[in-house]
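# Understanding the architecture of this molecule
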Amino acid sequence: MAATLRIQSDWSQALRRDEGEAWLSCRSPGKPTLYGSLTRRGLSTEGVPDIAASEGFVVGEVTKKSILVSCPHENVSTKFLAPYTTFCRIHQKSITCLDISSGGGLGVSTSTDGTMKIWQAANGEIRRLLEGHVYDVNCCRFFPSGLVVLSGGMDAQLKIWSAEDASCVVTFKGHKGGILDTAIVDRGRNVLSCSRDGTARLWDCGKAACLGVIADCGSPVNGIAVGTADNSLNLGTPEKAPSEREVGTEGKILLLAREDKKLQGVGLQSRQPVFLFVGSDAFNCCAFLSSTYILAGTQDGNIYQLDVRNTNSPIQVIHRSGAPVLSLLPYRDGFIASQGDGTCFIVQQDLDYVLDLTEADCDPVYKVASWEKQIYTCCRDGIVRRYQLPDL
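As the structure is a prediction and not an experimental result, all values here were calculated from the model.

A separate point is the overall build of the protein. Within the protein one finds 1 helix and 35 strands. Projected onto its principal axes, the C-alpha positions of the protein cover 70 × 50 × 30 Å. Within the protein, buried positions represent 57% of all 392 residues. Within the protein, counting contacts between residues at least 6 apart in sequence, those at least 24 apart form 44% of the total. Here the protein has roughly 16,800 Å² of accessible surface; of this, 46% comes from carbon and sulfur atoms. Between the centroid of the 39 positive side chains of the protein and the centroid of its 43 negative side chains there is a distance of 4 Å.

What follows is the structure, given as C-alpha cells:
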C-alpha cells in the first residue's frame, strides 16, 4: 500500500497566526515515518497564507480552507481540507449516524445522548425531534423523497417518520436484536434492515409487514447495501413466487457486511447466495460503486474493492491505517471512507492526490453523507462538520 500523509488536526487554526506551525508526517509500510512541519511566513497579496514546508515535503496550492502537500520521495500527495462550518449544538454527545435529504435542505442524525433530530443543513438549526425508540437509535436515513426518515434502534424496531411533523407513521417489529443498518429499495415501497440477530429482512412499508428474511447468517450483520447487479450475474430463482407487495427487488443484489469476517452477496428477490468473500477481520460497512464493483471495510482498516462477477481475489485493498473502517460512501468517480482514528478521506479515479477531511482529532468519524459538493461528517466528539469540496 502507498504511503500516507497526515497533518495536525487543527492545522488551519494553527496556520492562521504568523509564524504558526503544524506538524506533518509521511508513513510508508516497512520504513521509518518521516516527520516534518508547515510554517506560516505571512500573507500573500491575495490574502492567502504563505506556507513553507520542512525538508522532504512540498507545499502546492493553498487556499483559506485547503492545502496541497506532497512528499516527493514517496511519490504521494494529499489535499487537506478544513471544515467550512461546524455544528456543535445539534447533539450533546457522540453522533453515531447522519444523512442529508435529496434536496440538500435537511439533515437527520442520531446520538448516544438518546435523541434523533432533523435540522437545517445550512445552519444546523434544529427543526424536529423524532421520539419513540426505546434506548439508542443506531441508524437513520432519508427516503429518496426527502420528506420521510427511516430509523433503526437497539430496541430491534425499525421506524418510519414524517420529516414535516415528526410523527412516527410506521413501526416494524420482527428482529430479535438491535438494528445496525438499513437500506431503501428504489423509491421506498420496500425497505431493508440488518441486525445483531444475524438476519437481514425485507419490509413492506404500506402494510408495515415483513416480506421475508433475506439472509440468516448466525453472526451479526453490521452493514448492508442494495444495488442493481451486472446482467451477467446469476442471482438464482426464488423458491416460491414473490408477494405482489414486493416491489423493485428483481435484478438486485444485497451485500451483507458480517461480524464473522465475511462479506456476502445475496439475490434480493431469490434469497439465494451469490458469493461469499472472507476478509481479514469483521466487516463493518459495504457499498456499491457500480453494478460490478463493490467496496467493503473491515475492523482492522482494510478497504476491499471487489468485482461481483469474480470475488475470489480483490481488485485492490486500500489500507491507510489499522483503525476500523466505519463508513463507505460512493462519490462521483470514487468513494469517501471514514475511520475510527478520526480520518476521513476521498479517493477519485482521475485525481493523483487523496482528499483528506481534517479536524476530528483521534475521535472516530462514524458516518459521511454528501449533497453535491458538500460533505457532512459526524463524529464521537459530538460535532457535525460540513466541508465544501473544490472543483474536482
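Here the narrative resumes.
On to the side chain of Ser 109, then. Along the chain, Ser 109 falls in strand S10 (residues 106-111). On the basis of relative accessibility, which here comes to 0%, the residue Ser 109 falls in the buried class. At 2.9 Å, the side chain of Ser 109 forms a polar contact with the side chain of Trp 119. Those residues in contact with Ser 109, other than ones at most four positions away along the chain, are Ile 90, His 91, Ile 95, Cys 97, Leu 98, Thr 115, Met 116, Lys 117, Trp 119 and Cys 140.

Let's shift gears to the nonpolar core. Counting residues in hydrophobic clusters, the biggest one holds 25 residues, and the most contacted among them are Val 108, Leu 130, Phe 172 and Val 191. If you list the elements that add at least two residues to this core, you get S10, strand S11 (116-120), strand S13 (137-142), strand S14 (148-153), strand S15 (158-162), strand S16 (168-172) and strand S17 (179-185). The element best represented in this core is S13, accounting for 4 residues. By size, the runner-up hydrophobic cluster in this structure holds 19 residues, among which are Ala 3, Leu 5, Cys 26 and Ala 82.

As a further point, take the packing of aromatic side chains. Across all of its chains, the model carries 7 aromatic pairs by this definition. Relative to Trp 203, the ring of Phe 172 has its centre 5.1 Å away and its plane inclined at 45 degrees; by these criteria the two rings are tilted. In this pair, Phe 172 sits in strand S16 while Trp 203 sits in strand S19 (residues 199-204), placing the two residues 31 residues apart along the sequence. Like Phe 172, the residue Trp 203 is buried in the burial classification. Among the aromatic side chains, those forming a connected cluster through ring pairs are Phe 87, Trp 119 and Tyr 376. If you follow Arg 320 out to its NZ or CZ, it ends over the ring of Phe 345, 4.4 Å from the centre.

Moving on: the pairing of S19. Burial within S19 is extensive, with 6 of its 6 residues counted as buried. Residues of S19 alternate between two faces, with Thr 199, Arg 201 and Trp 203 on one and Ala 200, Leu 202 and Asp 204 on the opposite face, all of them buried. Hairpin connection of S19 to strand S20 (residues 209-216): 4 residues between the antiparallel strands, including Ala 208 at a positive phi of 55 degrees.

Backbone hydrogen bonds are what pair the strands of a sheet, in a parallel or an antiparallel way. Strand order across the open sheet formed by 4 strands is S13-S14-S15-S16, with antiparallel pairing between neighbours. Every interior strand has two partners, whereas the edge strands, S13 and S16, have only one. Here the strands of the sheet are splayed against their neighbours by 20 degrees on average, with no regard to which way each runs. Two strands pair when backbone bridges link them, and S15 and S16 are joined in this way by 4 bridges, in the antiparallel orientation. In the sheet register, Leu 158 faces S16, and the bridge partner there is Phe 172.

Per the counting criterion, the structure on display carries 16 salt bridges. Among the ionic pairs, Asp 381 bridges to Arg 385, the shortest N-O distance being 2.8 Å. What makes Asp 381 partly exposed here is its relative accessible area of 29%. Connected via shared salt-bridge partners are Arg 258, Asp 260 and Lys 262.

Turning to unusual backbone geometry, a few remarks are in order. Generally, phi is negative for residues other than glycine and the peptide bonds are trans, each holding for most cases. Even without being glycine, Glu 19 reaches a positive phi, approximately 65 degrees. Following the sequence through the fold, Glu 19 ends up in the loop between helix H1 (11-14) and strand S2 (21-27). Note on Glu 19: relative accessible area 61%, which makes it exposed. In this structure, Glu 359 is a non-glycine residue whose phi angle is positive, near 115 degrees. Inspection of the secondary structure assignment puts Glu 359 in the loop between strand S32 (354-357) and strand S33 (365-371).

Within strand S31 (residues 344-348), 4 of the 5 residues are buried, which leaves it mostly tucked inside the rest of the structure. Two elements, strand S30 (residues 334-339) and S31, share 5 bridges in a ladder whose sense is antiparallel. Each bridged residue has a counterpart across the sheet, and for Ile 336 the counterpart in S31 is Ile 346. Turn length for the S31-S32 hairpin, with the two strands adjacent in sequence and antiparallel, is 5 residues.

Taken in spatial order, the 7 strands make up an open sheet running S5-S6-S7-S32-S31-S30-S29, and their pairing is mixed. This sheet does not close on itself; its edge strands, each paired only once, are strand S5 (58-62) and strand S29 (325-331). Along the sheet, successive strands turn relative to each other by an average axial angle of 20 degrees, direction set aside. In terms of strand pairing, strand S7 (residues 76-81) meets S32 through 4 bridges, oriented parallel. From the neighbouring strand, Lys 79 faces S32, where its bridge partner is Leu 355.

The rules we used
Residues numbered from 1 in each chain as written. Predicted model: local features only at pLDDT ≥ 70, side-chain atom pairs only at ≥ 80, totals over all residues. Heavy atoms only, no water. Helix = DSSP H or I, 4+ residues; strand = E, 2+ residues; numbered from the N terminus. Buried < 20%, exposed > 50% of the residue type's maximum accessible area, 1.4 Å probe, protein only. Contact = heavy atoms within 4.5 Å. Areas by Shrake-Rupley, 256 points an atom, 1.4 Å probe, with all protein chains shown as cover. Lys, Arg positive; Asp, Glu negative; His and termini not counted. Charge placed at Lys NZ, Arg CZ, Asp CG, Glu CD. Polar contact = N/O pair within 3.5 Å; in protein donor to acceptor, adjacent residues only side chain to side chain. Core = buried A, V, L, I, M, F, W, Y, C linked by side-chain atoms within 4.5 Å. Phe/Tyr/Trp six-rings, centres within 6.5 Å; stacked < 30°, edge-to-face > 60°. Lys NZ or Arg CZ within 6 Å of the ring centre and 35° of its normal. Pairing = 2+ DSSP bridges. Axes fitted to C-alpha atoms, helices over the stretch in contact; angles between N-to-C directions. Salt bridge = Lys/Arg side-chain N within 4 Å of Asp/Glu carboxyl O.

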